[in-house]
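Summary of the model geometry
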Amino acid sequence: MTATPAKVPETADEPAPGPAPVSKSAKVPHGHKRLLTRRDRFALGLMAGVPTILHVALVWLTALASIALAFTTWNGIGFDSITWVGLQNFRELFTSNPQFWPAVEHNVVWFVVLILLPTPFGLFLAVQLDKRIRFSRVYQTAFFLPVVVSMAVIGFVWQLVYNPDTGLINSLIGANKPGHYIDWIGDPDLNLWAILVAASWRHAGYMMILYLAGLKSVDPALREASALDGAGEWQTFKNVVFPTLRPTNTIVLVVTIIEALRAFDLVFVFNKGAQGTELLSILVTNNIIGESSRIGYGSAIAVVLLVISLAVIIPYLIATFRKERRA
């Protein structure tokens, strides 16, 4: 009796090793456009187009409209009331406006105070926090918190501090009694400096973060080499660390100038720019949306503010682009 061989089930032929054959009907994508569906292109166009349109409409068109309106008179009622007056608004602004030059002076004082007081203090805080002391994250959060809080909220908080009756300062120095009041907000000799204290409180945290980022980029080898040469902590900072912070110092200078020019919220919350706290931004607002509604005149003040800002920003951009080309 002979054994019959077992039947092996038939299997499909195994494909030969190598790349799979490409069907003639399959479409091979060519370029990046083929990888995106029509829905993807529509979504990308929507995400890029809507912000661009809003930026052009709300920034560029309004800026160009302000420049054009600076040479006209307009009360804001109907476009047919716009009258071309040339340079009359600027002549009146520079010669016969009693608030313009004090406002320019206050903006300059604002810049000088910010660059001399909170900026060095912010650098001091950054140097101390860069030493990796205990609870450094907590300190960073505490000092940076005023920066993320709205300026209007900061103004309301400092109004409570400066309150003549129940304010913290008058209560500490005993000036909250009748006949001994110190009106920090209403006194023209004090209110600007009182507002600058609140502005400096916020600005110090901003400068701390900028300088802390700059200190993190300093090569540790430079400090080690300075320590090996016998230099102390102050000598290392003065001769090694601070010179490497030159790009950060440039950014700090430009940011401080812009902060001084755009100052508005604190002053408006305190006393709306009256009684010795005039600023260029306050004059623009009062003339455009005030009772007189001199839109052309207010636009002329805005153009002056724009020119001052560009005089600072353009040289900074030119220097930055030159450094990038050299690199």
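Up top is the structure these notes are about.
An account of the accompanying structure is given in this report. (Residues numbered from 1 in each chain as written. Predicted model: local features only at pLDDT ≥ 70, side-chain atom pairs only at ≥ 80, totals over all residues. Heavy atoms only, no water.)

When the terminal C-alpha atoms of helix 10 (residues 233-244) are compared, their 16 Å separation across 12 residues agrees well with the 16 Å that a helix rising 1.5 Å per residue should span. Restricting attention to buried positions, one finds in helix 10 the residues Thr 236, Phe 237, Val 240 and Val 241. Considered in projection along helix 10, the buried side chains sweep an arc of 125 degrees and stay on one side of the axis. Residues of helix 10 that are exposed and angled more than 90 degrees away from the buried face: Trp 234 and Asn 239. Structurally, helix 10 contributes buried residues whose contacts are with helix 4 (118-129), helix 8 (191-216) and helix 9 (220-228). (Helix = DSSP H or I, 4+ residues; strand = E, 2+ residues; numbered from the N terminus. Expected span 1.5 Å × (residues − 1). Buried < 20%, exposed > 50% of the residue type's maximum accessible area, 1.4 Å probe, protein only. Arc of directions from axis to C-beta. Contact = heavy atoms within 4.5 Å.)

Let us now look at the packing of aromatic side chains. Under the counting rule described, the total for this entry stands at 14 aromatic pairs. Ring centres 4.9 Å apart and planes at 70 degrees place the aromatic pair Phe 100 and Trp 101 in the edge-to-face group. Look at Phe 100 and you get buried, because its relative accessible area is 1%. For Trp 101, a relative accessible area of 49% translates into the label partly exposed. Note on Phe 121 and Phe 124: the rings are 6.5 Å apart at their centroids and 25 degrees apart in plane angle, and the pair reads as stacked. You can see Phe 121 and its partner Phe 124 sitting in helix 4, 3 residues apart, about one turn around the helix. On the basis of relative accessibility, which here comes to 40%, the residue Phe 121 falls in the partly exposed class. Chaining the aromatic ring pairs together yields one cluster made of Trp 158, Tyr 162, Trp 184, Trp 201 and Phe 270. In this structure, Arg 294 packs its charged tip against the face of Tyr 297, placed 4.2 Å from the ring centre. (Phe/Tyr/Trp six-rings, centres within 6.5 Å; stacked < 30°, edge-to-face > 60°. Lys NZ or Arg CZ within 6 Å of the ring centre and 35° of its normal.)

Moving on to helix 6 (residues 151-161). Residues Met 151, Ile 154, Gly 155, Trp 158 and Val 161 constitute the buried set of helix 6. With its buried residues spanning 110 degrees around the axis, helix 6 presents them on a single face.

At their nearest, the axes of helix 10 and helix 11 (residues 246-261) sit 5 Å apart, and the two run at 60 degrees to each other. If you check the angle between helix 10 and helix 11, you find them oblique. Residue-level inspection shows Phe 242, Pro 243 and Thr 244 of helix 10 in contact with helix 11, the latter providing Arg 246, Pro 247 and Asn 249. Residues belonging to the contact of helix 10 with helix 11 are distributed by class as follows: 3 nonpolar, 2 polar and 1 charged. (Axes fitted to C-alpha atoms, helices over the stretch in contact; angles between N-to-C directions. Parallel < 35°, antiparallel > 145°, perpendicular 65-115°, else oblique. Nonpolar A, V, L, I, M, F, W, Y, C, P; charged D, E, K, R; others polar.)

Attention now moves to the packing of helix 8 against helix 11. Contact geometry for helix 8 and helix 11: axes closest at 10 Å, N-to-C directions at 160 degrees. Comparing the axis directions of helix 8 and helix 11 gives the class roughly antiparallel. Between helix 8 and helix 11 lies a crossing of right-handed hand. Contacts between helix 8 and helix 11 involve Arg 202, His 203, Tyr 206, Met 207, Leu 210, Tyr 211 and Gly 214 on the former and, on the latter, Thr 248, Asn 249, Val 252, Val 255, Thr 256 and Glu 259. (Left-handed = near helix turned anticlockwise from the far one by under 90°.)

Okay, the layout of surface pockets next. Taken as a whole, the largest pocket spans an internal volume of roughly 450 Å³. For the largest pocket, the lining is made up of 17 residues, of which Val 59, Thr 62, Ala 63, Leu 64 and Leu 306 are closest to its centre. Among the elements that take part in the lining of the largest pocket, helix 1 (residues 38-69) stands out by supplying 8 residues, more than any other. In terms of residue class, the lining of the largest pocket is made up of 12 nonpolar, 5 polar and no charged. (1 Å grid on protein atoms, 1.4 Å probe; cavity = no way out; pocket = protein on both sides within 12 Å on 5 of 7 lines; lining within 4 Å. Points joined across faces, edges and corners; volume = space filled by probe spheres on them.)

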